[in-house]
Amino acid sequence: MGSLAVPRSVFLRGFEQLHLFSFKEMELTEDLITIDQDIFLATTMFSSNCSTPHGVNSTPSLSSTSCCDMSPDSLRISQWFTFWVEGVLIVVVGLFGLFGNTLSINILWGKDMRNAFNCLLIVLAAVDSFLIVLAMFDYSFVRAFGLTFDLYTYMFPYFLYPATNVVLCMSIFMVVAIAFERFLAVCRPYEYRAMSTTQSVTKRVLKLSGPVFVIAFLINIPKFFETKLKETMNNDTQTLQVSYVVTRLRKNPIYINYYVNWFRLLGTGVLPMLALIYLNINIYLKIVETRKTREVQRQTMGGPRRTSIGGSSAGYNPTHGPDENSNSEPNMRRKQEAVSKREIKMASILLTIVFVFFGCHLPRVLLNLHEFFMATQIEDCGDMFCPPAWFLCSISVNHFLLVVNSSVNILVYCSQGEKFRQGLTEKLHLQQLSKWFLFSKPRLNNSSNDDLTLKVLAPNGPARQTLIPRPEVSSQYLMIPTQKHSYTLKEGSNTH
């Protein structure tokens, strides 16, 4: 085979070969990889120092065809968006997301946080972290910053390209699985209670996340057969030139129309959003209904409220089963209120996740829908068609929003989960830092004058005095106005 050396021109030619077919064949919004190659194609077609790509007889001028109305200024704007939005911003937000997801997994994995809902959040954070790594590697380092290396060329057709599509689908479907878990807990309380008492947390999480992984992999199997490597020997330089090209499957019009366009639009865009809308509306209506029922019971009878969100009746512990020590009415009410608040908190976290999901994924669906309106022009122009600059800039923003969606998990949990905030405070040692900043000055000196004298009066006997040294402790924290102090307590009293 000879020594492996991939010159930059050959590496860039791999991008060109991948998308030198009609724009209708390009995956504009569902595939994270190919969209960036569309941007690169628009750049290379109008660069004066770029050679004619393989498969194209001539490079069209801006004024010679109506299929490409992109001006040089528009081209520079799209390149600017590629560098700053897909490059710099994705790296900054992605690094924050990796740190936040790692910290979130560590907190949610604690024993006091272990339940099916939090475990599903852990799975979602892990999938999002993998998606961030792939996006930073492909969008930022390779595409925006122009870093080239042999490993990327070999990884792209058989791993990077299909893996990115698989992980994106996993992230989308995991949000639906989490919504379905909350739907069962709130709207199907008896079924959820039966699962909670008969199945472990691990089994319930696997039953919800397992199908997500299987379905995401199955619907993306064709992605493994859309591209392939091409190796050619350069006789002048005696080096092996490596690039990747599309296969016949990816050029098939039927495959493009039904799988690339319609199936993935519906499967990864429209249907998941409709499912989230349906599930969350039912959760919200059930919460409102439960609150009204409790309010009526409180105002009329004041008796035990036997209906609670999540289906936990009075005196029932969803983790350990019925509580034998909660026979009294006040205990039942307190337990019922605790369960209700916990379910509402989980539902609020879910609603926030869904709102963020819609805000970050809706542009992807809208861009894909816009492609259908350009179908006639795409078909007439063929290889000579190129999208407008605003479309390319929107694609860059869309990629950035997908990374944002995978990076803000920790902010969602902090905004809605009080227990998560407490765990985050402990992990980051924020309490110790706050005490250090608040009570660091002034400090007591290491002298006998700074000792605290505690005088204990015995009921039937002489008083005893105890000297308590207090070096290195803030007088502001102890609220000690003078250097020497004496306190009198009765023996046996609570000194705490």
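Please read these numbers as outputs of a predicted model, since none were measured by experiment.

**Comments concerning the overall build of the protein**
Here is step 1: Along the backbone of the protein there are 16 helices and seven strands.
Here is step 2: Residues counted as buried form 48% of the 496 residues belonging to the protein.

**Let's talk about helix α5 (residues 150-187)**
Here is step 1: Across its 38 residues, α5 extends 53 Å between first and last C-alpha, which sits within 8% of the 56 Å expected from 1.5 Å per residue.
Here is step 2: At F156, α5 shows its largest kink, close to 80°, and the proline P157 lies no more than four residues downstream.
Here is step 3: Counting buried positions along α5 gives 31 out of 38 residues, so the element sits mostly inside the fold.

**Things to note about the packing of helix α4 (residues 116-144) against helix α7 (residues 201-218)**
Here is step 1: Two numbers describe how α4 lies on α7: the axes approach to 9 Å, and their chain directions differ by 35°. Note that α4 runs across α7; the crossing there is right-handed. Where α4 approaches α7, its residues A116, C119, L120, V123 and V127 are matched on the opposing element by V201, R204, V205, L208, S209 and F213.
Here is step 2: Classifying every residue of the contact of α4 with α7 gives nine nonpolar, one polar and one charged.

**Section: empty space enclosed by the protein**
Here is step 1: According to the stated counting rule, one finds five cavities of 30 Å³ or more in the structure shown.
Here is step 2: Among the secondary structure elements, those contributing two or more residues to the lining of the largest cavity are α4, α5, α10 (329-373) and α13 (409-416).
Here is step 3: Ranked by residue count, the leading element in the lining of the largest cavity is α10, at three residues.
Here is step 4: Its residues assigned to classes, the lining of the largest cavity comprises seven nonpolar, three polar and one charged.

The rules behind these values
Residues numbered from 1 in each chain as written. Predicted model: local features only at pLDDT ≥ 70, side-chain atom pairs only at ≥ 80, totals over all residues. Heavy atoms only, no water. Helix = DSSP H or I, 4+ residues; strand = E, 2+ residues; numbered from the N terminus. Buried < 20%, exposed > 50% of the residue type's maximum accessible area, 1.4 Å probe, protein only. Expected span 1.5 Å × (residues − 1). Bend = angle between axes of the 7 residues up to and from the residue. Axes fitted to C-alpha atoms, helices over the stretch in contact; angles between N-to-C directions. Left-handed = near helix turned anticlockwise from the far one by under 90°. Contact = heavy atoms within 4.5 Å. Nonpolar A, V, L, I, M, F, W, Y, C, P; charged D, E, K, R; others polar. 1 Å grid on protein atoms, 1.4 Å probe; cavity = no way out; pocket = protein on both sides within 12 Å on 5 of 7 lines; lining within 4 Å. Points joined across faces, edges and corners; volume = space filled by probe spheres on them.

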